[in-house]
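Chain and residue survey
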Amino acid sequence: MSTKKPSDTTFVHASQLDPQLSAVVPPIYRATTYHQTNPWAPSSFDYARSGNPTREALETAMATIEGGVRGFAFASGMAALTATFLLLSAGDHLLVTRDCQGGTQRVLRGVFSRFNIAVTYVDTDQVEDLDRAIEPNTRAILVENFSNPFLHVAHVPAIVDWAHRHQLSVWIDNTFVTPYLQNPLTMGADLVLHSGTKMIGGHSDVTAGLAVARTQELAQQLYFIQNACGPILSPDDSYLVHRGLRTLPVRMRQASQTAMALALALTSHPAVSQVFYPGLPSHPGHAVANETMATDKGFGQMVTFRLKDVASVPRLAERLHFARIGAGLGGAETIVSLPELHCHAALTQEERNERQITSDVVRVSVGLEDPTDVVAEFLNALQN
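This one's a predicted model, so the numbers in the text were calculated from it and none came from an experiment.

Helices and strands together make up the secondary structure of the chain, namely 13 helices and twelve strands. Radius of gyration (C-alpha) of the chain: 21 Å, near the 21 Å computed for a compact globule of 384 residues. Across its three principal directions, the C-alpha atoms of the chain cover 75 × 50 × 35 Å. When burial is assessed residue by residue, the chain has 55% of its 384 residues classed as buried. For the chain, the exposed area adds up to about 16,200 Å²; of that, 52% sits on carbon and sulfur atoms. Averaging the positions of the 28 positive and the 36 negative side-chain charges in the chain gives two centres separated by 2 Å.

In this section: the side chain of lysine 198. On the secondary structure map, lysine 198 appears in the loop between strand E6 (191-195) and strand E7 (209-213). Buried within the structure, lysine 198 lacks any salt-bridge partner; its nearest side chain of opposite charge belongs to aspartate 173, at an N-O separation of 8.4 Å. Beyond its immediate sequence surroundings of up to four residues, lysine 198 is in contact with Thr175, Leu329 and Gly330.

Moving on, we come to the sheet that holds strand E9 (residues 302-307). Each strand in a sheet pairs with another by means of backbone hydrogen bonds, the pair being arranged parallel or else antiparallel. Strand order in the open sheet formed by five strands is E8-E9-E12-E11-E10, with mixed pairing between adjacent strands. Unpaired on one side and paired on the other, strand E8 (272-276) and strand E10 (324-325) mark the two borders of the sheet. Where E10 and strand E11 (residues 335-337) come together, two bridges link them in parallel fashion. Bridging from a neighbouring strand, isoleucine 325 pairs with valine 336 of E11.

Along the chain, threonine 33 turns up in the loop between helix H1 (8-13) and helix H2 (53-66). Distance from threonine 33 to threonine 138, taken between C-alpha atoms, is 41 Å for residues 105 residues apart in sequence. Of note is the side chain of threonine 33, whose polar atom sits 3.5 Å from the backbone oxygen of aspartate 46.

In this section: the packing of aromatic side chains. Scanning the entire structure with this criterion turns up six aromatic pairs. Here phenylalanine 85 and phenylalanine 112 contribute two aromatic rings whose centre-to-centre distance is 5.5 Å and whose plane-to-plane angle is 75 degrees, an arrangement assigned as edge-to-face. One end of the pair, phenylalanine 85, is in helix H3 (residues 77-85); the other, phenylalanine 112, is in the loop between helix H4 (102-110) and strand E3 (118-122), and 27 residues separate them in sequence. Ring centres of tyrosine 277 and phenylalanine 299 lie 6.5 Å apart, and the angle between their planes is 65 degrees; on these two criteria the pair is classed as edge-to-face. Here tyrosine 277, found in the loop between E8 and helix H10 (286-292), pairs with phenylalanine 299, found in the loop between H10 and E9; they are 22 residues apart in sequence, far enough to count as distant. The two residues tyrosine 277 and phenylalanine 299 agree in class, both being buried. The ring of tyrosine 223 is capped by arginine 70, whose NZ or CZ atom sits 4.4 Å from the centre of that ring.

A few words now on the pairing of strand E2 (residues 93-97). For E2, a buried count of five out of five residues is recorded, marking the element as mostly surrounded by other parts of the structure. Side chains His93, Leu95 and Thr97 project from E2 onto one buried face, and the interleaved Leu94 and Val96 project onto a second face that is buried too. Note: E2 against E3, five bridges, orientation parallel. Across the sheet, leucine 95 pairs through a bridge with threonine 120, a residue of E3.

Membership of the largest hydrophobic core comes to 78 residues, with the highest contact counts inside it found for Ile141, Phe305 and Phe378. When residues of this core are assigned to their parent elements, the largest contribution, six residues, is made by helix H9 (residues 248-267). Excluding anything up to four places from it in sequence, phenylalanine 378 contacts Leu262, Phe305, Leu316, Leu320, Thr334, Val336 and Val364. Counting residues in each nonpolar core, the second largest holds 27 residues, with Ala83, Cys100, Ile117 and Ala211 among its members.

What counts and what doesn't
- For every chain, the first residue of the written sequence is number 1, and numbering continues from 1 onward in sequence order.
- Per-residue local features of the predicted model are confined to residues with pLDDT of at least 70, and side-chain atom pairs are confined, for both listing and counting, to 80 or more; whole-chain, interface and lining totals are unaffected and use all residues.
- Note that water and hydrogens are dropped before the side-chain values are worked out from all heavy atoms of the structure.
- Numbered from the N terminus, helices here are DSSP runs of H or I no shorter than four residues, and strands are runs of E no shorter than two.
- Here the globule rule reads 2.2 Å times residues to the power 0.38, and the radius of gyration is calculated from C-alpha atoms.
- Note on classification: 1.4 Å probe, protein chains only; a residue is buried when its accessible area is under 20% of the maximum for its type, exposed when over 50%, partly exposed between these limits.
- In these tables, accessible area is a Shrake-Rupley quantity obtained with a 1.4 Å probe, and a residue counts as shielded only by the protein chains included in the view.
- None of His or the chain ends enter the tally, which takes Lys and Arg as positive and Asp and Glu as negative.
- Charge coordinates come from a single atom per side chain, which is NZ of Lys, CZ of Arg, CG of Asp or CD of Glu.
- For salt bridges, the criterion is a side-chain nitrogen of Lys or Arg within 4 Å of an Asp or Glu carboxyl oxygen.
- By the convention used here, residues are in contact when the closest approach between their heavy atoms is within 4.5 Å.
- Pairing between two strands is assigned when DSSP locates at least 2 bridges connecting them.
- Residues adjacent in sequence count toward polar contacts only when both atoms are side-chain atoms; beyond that, a polar contact is any pair of N or O atoms within 3.5 Å, and within protein one must be able to donate a hydrogen and the other to accept it.
- Classification of ring pairs rests on two measures: the distance between centres of Phe, Tyr or Trp rings, Trp counted by its six-membered ring, which must be within 6.5 Å, and the angle between planes, read as stacked under 30 degrees, edge-to-face over 60 and tilted in between.
- Here, a charge over a ring means that NZ of Lys or CZ of Arg falls within 6 Å of the ring centre while also lying within 35 degrees of the ring normal.
- Nonpolar cores are built from buried Ala, Val, Leu, Ile, Met, Phe, Trp, Tyr and Cys residues. Side-chain atoms within 4.5 Å join them into one set.

Dropping the structure here:
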């Protein structure tokens with residue numbers, strides 16, 4: 001494991017040349033089975049669920065970039081999270097970021113609660129509050145960084161220090177931050193997770209989940225679950241995610257610059273009551289982001305804001321010209337989501353109220369359009 005942050009060059013060259021023909025991009029191997037010249041001797045590949053060369057190229061690249069020992073590619077971000085939750089046993093207790101995406105809460109409430117796994121949601125940007133939530137049977141903490149939708153910033157080194165003093169595993173869902181801005185494993189986290197559907201895939205055309213383990217012991221446990229349960233990423237989708245990974249730095253730089261410009265413009269807009277963007281000095285997590293992330297590269301492409309008048313939300317949606325409205329994020333196009341209807345629709349009304357996810361909240365995944373056009377798109381849509 002390396003503590004050196006990956007350069008842009010690492011993203012491009014993290015995978016080796018194809019061993020057969022030295023192709024500069026990994027070939028797509030669709031084979032489900034492999035001839036074994038000696039069935040009594042171990043072989044690199046035998047059956048597609050257990051391993052695939054195209055998937056392995058992506059997994060190896062992710063491990064290299066994140067500074068871990070082994071990477072894993074899953075059929076979706078939720079598949080990666082579900083495999084991670086299967087590391088727990090009946091009777092275990094899990095701490096989870098309170099302001100996390102709705103799918104995480106849905107699977108924990110609707111599936112894992114049936115296996116007697118208890119969950120407490122905590123403010124992981126307030127490390128001092130964690131002591132009040134820990135139980136004798138707590139086994140791990142899942143931190144979503146930045147959180148969804150309000151972009152709370154976790155102090156990963158402080159959480160790792162606290163968790164390891166209590167013999168807890170630390171799992172970081174770093175989808176919004178991406179490995180371009182932060183590598184939690186180099187700070188001592190045990191597992192880092194990404195929805196490869198989002199920024200890493202980057203083009204709104206592939207569904208994938210990624211995980212990288214810090215230790216061989218954890219990697220062996222996660223591989224057993226992946227192989228036993230089978231939520232693997234297909235060869236074609238592995239190829240697409242790997243292609244997105246190679247261009248992640250340039251895309252994140254552009255989108256982060258535009259997101260900052262949009263956040264600044266919204267801050268002074270009379271129709272907006274609050275803007276959530278870690279790049280703003282007014283954001284509560286700004287100092288922590290500067291301390292724990294490569295913020296010289298930007299603060300990410302997600303911007304959330306709250307409108308003063310809830311009636312302005314449908315008017316905003318109607319007036320948008322090129323920005324798309326939907327549940328996705330991380331693509332080349334700017335995507336506007338309404339958390340109440342999209343990413344947190346799986347929550348009950350009571351749960352949404354508790355997390356202040358109300359009808360006046362708008363989440364923006366800033367795309368790769370011209371920054372001037374993006375800012376004008378929202379300023380025009382917010383005109384009276």
